[in-house]
Amino acid sequence: METVACDLCGADDAETVFLLRDYLHHIEGIFRLVRCRQCGLMYLNPRPTLEEMRRYYPDDYHAYRVVDSRVSFITRLDHRYGIIKRCRAVIAYAGLKSGRILDIGCSTGSFLDTMRCYGWECYGVEINTRAANYAREHLGLNVFAGTLIDAHYPDSFFDVVTLWNVLEHLHQPQATLHEIHRIIRQNGLLVISLPNPDCIEAKIFGRYWAGLDAPRHLYIYSRHTLERALALAGFTVKKVVSFTGRYHVLALSLEFWLDDKVPNERMRHWLKRIINSLPLRLLTLPYYTVADRWNQSSVMTVFAQCQEHSP
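The model shown is predicted, which means the values in this text are computed figures rather than measured ones.

Explanation requested: the nonpolar core in the structure shown.
Within soluble globular proteins, side chains that are nonpolar tend to cluster in buried spots. Of all hydrophobic cores here, the largest spans 77 residues; its most connected members are L102, L163 and L190. With seven residues, helix α8 (residues 246–261) is the largest single contributor of residues to this core. Filtering out sequence-adjacent residues up to four positions away, L102 remains in contact with Y123, G124, V125, L148, Y153, F158, V160, V161, T162 and I183. Listed in part, the 24 residues of the second largest apolar core include A94, F111, W120 and L189.

Can you walk me through the state of the cysteines in this structure?
Two cysteines whose sulfur atoms are joined by a covalent bond form what is called a disulfide. Evaluated as defined, the whole model comprises zero disulfides. Not engaged in a disulfide, the cysteine C36 finds its nearest cysteine sulfur in C9; these two sulfurs lie 3.5 Å apart. Given a relative accessible area of 2%, C36 falls into the buried group. In this structure C306 is a free cysteine whose sulfur lies 20 Å from that of C122, the closest cysteine sulfur available.

Please explain the pattern of salt bridges as it appears in this structure.
Note on pairing: side chains with opposite charge can pair once their charged atoms come close. Under the counting rule described, the total for this entry stands at 16 salt bridges. The salt bridge partner of E227 is R223, with a shortest N-O separation of 3.2 Å. Here E227 pairs with R223, and both are found in helix α7 (residues 223–233), just four residues apart, close to one helical turn. The exposure class of E227 is partly exposed, given its relative accessible area of 31%. Across the salt bridge formed by R268 and D259, the nearest N and O atoms sit 3.7 Å from each other.

Help me understand the side chain of S222 in this model?
Inspection of the secondary structure puts S222 in the loop between β9 (219–220) and α7. Leave out the neighbours within four places in its chain, and S222 touches P197, D198 and M300.

Can you walk me through the environment of I274 in this structure?
Mapped onto the elements of the fold, I274 is located in helix α9 (residues 265–275). Judged by its relative accessible area of 35%, I274 is partly exposed. Note: C-alpha distance between I274 and Y61 (213 residues apart in sequence) is 22 Å.

Would you explain the sheet that holds strand β1 (residues 14–20) in this entry?
Sheets are built from strands that pair by backbone hydrogen bonding, the pairs being arranged parallel or antiparallel. The antiparallel open sheet is built from four strands, whose spatial order is β1-β2-β3-β9. In the strand order of this sheet, the two ends are held by β1 and β9, each with one partner. Bridge count for β1 against strand β2 (residues 31–36) is six bridges, and the pairing is antiparallel. In the sheet register, T16 faces β2, and the bridge partner there is V34.

Here is what the cut-offs are and how they apply
- Residues numbered from 1 in each chain as written.
- Predicted model: local features only at pLDDT ≥ 70, side-chain atom pairs only at ≥ 80, totals over all residues.
- Heavy atoms only, no water.
- Core = buried A, V, L, I, M, F, W, Y, C linked by side-chain atoms within 4.5 Å.
- Buried < 20%, exposed > 50% of the residue type's maximum accessible area, 1.4 Å probe, protein only.
- Helix = DSSP H or I, 4+ residues; strand = E, 2+ residues; numbered from the N terminus.
- Contact = heavy atoms within 4.5 Å.
- Disulfide = S-S within 2.5 Å.
- Salt bridge = Lys/Arg side-chain N within 4 Å of Asp/Glu carboxyl O.
- Pairing = 2+ DSSP bridges.

Here's what the structure looks like:
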């Protein structure tokens, strides 16, 4: 474990928000989520080192799974629909029919594979070697296995850079944003999706809100702290919307609460089946229609523009 100062303002002045456990994989440990008293950024302190983090990303971690014929048709349909929504949003906000795109934390490459079908030149960065190898060997994608800093892309190389639920996992998010500013062209598009701690569900579930996901989520950005982080790195926020990962976070949050509050295993199993059923998901659509309009869903997506590069 390592002790750190605030990555946004550098202050070492924080108050405890929650003491958390790994509710997703049930790996032992207690993790302290704090809020910087100077700028408001929330982060884990102390936190696992980069080497120690590997144990919290087991082989069955959901972001690394391959969605193919071995999973249910409904799961494949839902996954495909989500990917297409992302692609269309990126193309619309970029204002380009084609270009060069980098997806940081690209996992097994589903998003990039679809962007390639739309005519884009695709690159990826993925720290998990198995996921990166799948993207390269099975999908033929240009994916660097490692960190963005180690990839050494040329200056002003990309038209678009995306981070889908990635920034909150990084040990050095501010340094990553500065590196993105270097490799993206002037007026290029940066897209970041991440948990929204100001949403209604975060207030309802508290420590059980899946957007916290300790210890994998090292940083929890509000809209205010993210806008400040982006401004310091040379980006201007153009739009903040909610359109991805909505019910998934709600379902996980309910499951985390059940695991801690309902001791009867059969009862928990029955309730989780209801939570993950299609009818219940459909019943939440009116709520998310309203929540999305007011950016009150658990995941926010920020579209930002790269400002002028320093000489």
